[in-house]
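Overview (structure and organization)
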Amino acid sequence: QVQLVESGGGLVQAGGSLRLSCAASGRTFTSYAVGWFRQAPGKEREFVATINWSGTRTYYADSVKGRFTISRDNAKNTVYLQMNSLQPEDTAVYYCAAREGFPNYSDYRAYDYWGQGTQVTVSS
């Protein structure tokens, strides 16, 4: 089992920045890929970004490419999502998720472990 806890969400004005953290405990975290997803009210859960176990491969949704950066520090069992140039359409609950393997990285159903989510609200 892997337990995930997100933090760092909050209220920010358009154009601002936030850094989300996903802290893991339990089984060896370094063997897991980690993804960030988000879900706005009335919308489906949406892929945001993912990183492989070693941090050497990252992928982003087109909507956040160039603005968001995913990274990980395996010594701290933590994955980060740096979000810059935030826009109101980025408002959502953000979830981190972990899985073994990497195929179908944008499909939330491929992930086995989930955090409880952290709210990000961007005001215009």
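Higher on the page you've got the structure.
So, here is what we can say about the structure in this document. Treat the numbers as computed from the prediction; the structure is a model and nothing was measured.

Scoring rules and cut-offs
- Residues numbered from 1 in each chain as written.
- Predicted model: local features only at pLDDT ≥ 70, side-chain atom pairs only at ≥ 80, totals over all residues.
- Heavy atoms only, no water.
- Phe/Tyr/Trp six-rings, centres within 6.5 Å; stacked < 30°, edge-to-face > 60°.
- Helix = DSSP H or I, 4+ residues; strand = E, 2+ residues; numbered from the N terminus.
- Buried < 20%, exposed > 50% of the residue type's maximum accessible area, 1.4 Å probe, protein only.
- Lys, Arg positive; Asp, Glu negative; His and termini not counted.
- Salt bridge = Lys/Arg side-chain N within 4 Å of Asp/Glu carboxyl O.
- Polar contact = N/O pair within 3.5 Å; in protein donor to acceptor, adjacent residues only side chain to side chain.
- Disulfide = S-S within 2.5 Å.
- Pairing = 2+ DSSP bridges.
- Axes fitted to C-alpha atoms, helices over the stretch in contact; angles between N-to-C directions.

Once that is clear, we can look at the packing of aromatic side chains. Taken as a whole and assessed by the stated rule, the structure comprises ten aromatic pairs. When the centroid spacing of 5.6 Å and the interplanar angle of 55° are considered together, the rings of Phe47 and Tyr105 count as tilted. Here Phe47, found in strand E5 (residues 46-51), pairs with Tyr105, found in the loop between strand E9 (92-99) and strand E10 (113-114); they are 58 residues apart in sequence, far enough to count as distant. On the accessibility criterion, Phe47 (11% relative accessible area) is buried. According to the relative accessible area criterion, Tyr105 is partly exposed, its value standing at 26%. Here the aromatic rings of Tyr59 and Phe102 are separated by 5.8 Å at their centres, their planes lie at 40°, and the arrangement is tilted. Separated by 43 residues along the polypeptide, Tyr59 in strand E6 (residues 58-60) and Phe102 in the loop between E9 and E10 bring together distant segments of the chain.

Here we take up the side chain of Arg99. Among the secondary structure elements, Arg99 is positioned in strand E9. Buried within the structure, Arg99 lacks any salt-bridge partner; Asp112 is the closest side chain of opposite charge, at an N-O distance of 6.1 Å. In this structure the side chain of Arg99 is engaged in a polar contact, spanning 3.4 Å, whose partner is the backbone oxygen of Gly101.

Turning to the state of the cysteines, a few remarks are in order. For the coordinates displayed, the defined rule picks out one disulfide. In this model Cys22 forms its disulfide with Cys96; the gap between the sulfur atoms is 2.1 Å. Sign of the S-S torsion, about 70° for the bond between Cys22 and Cys96, identifies this disulfide as right-handed. With Cys22 in strand E3 (residues 18-26) and Cys96 in strand E9, this residue pair connects regions lying 74 residues apart in the sequence. The two residues Cys22 and Cys96 agree in class, both being buried.

Okay, the sheet that holds strand E8 (residues 78-83) next. Taken together, four strands build an open sheet; the order of strands is E1-E3-E8-E7 and the sheet is antiparallel. The open sheet has two edge strands with one neighbour each: strand E1 (2-7) and strand E7 (68-73). Sheet twist, expressed as the mean angle between neighbouring strand axes with direction ignored, is 15°. Two elements, E1 and E3, share six bridges in a ladder whose sense is antiparallel. Looking at the pairing, Glu6 lines up with Cys22 of E3.

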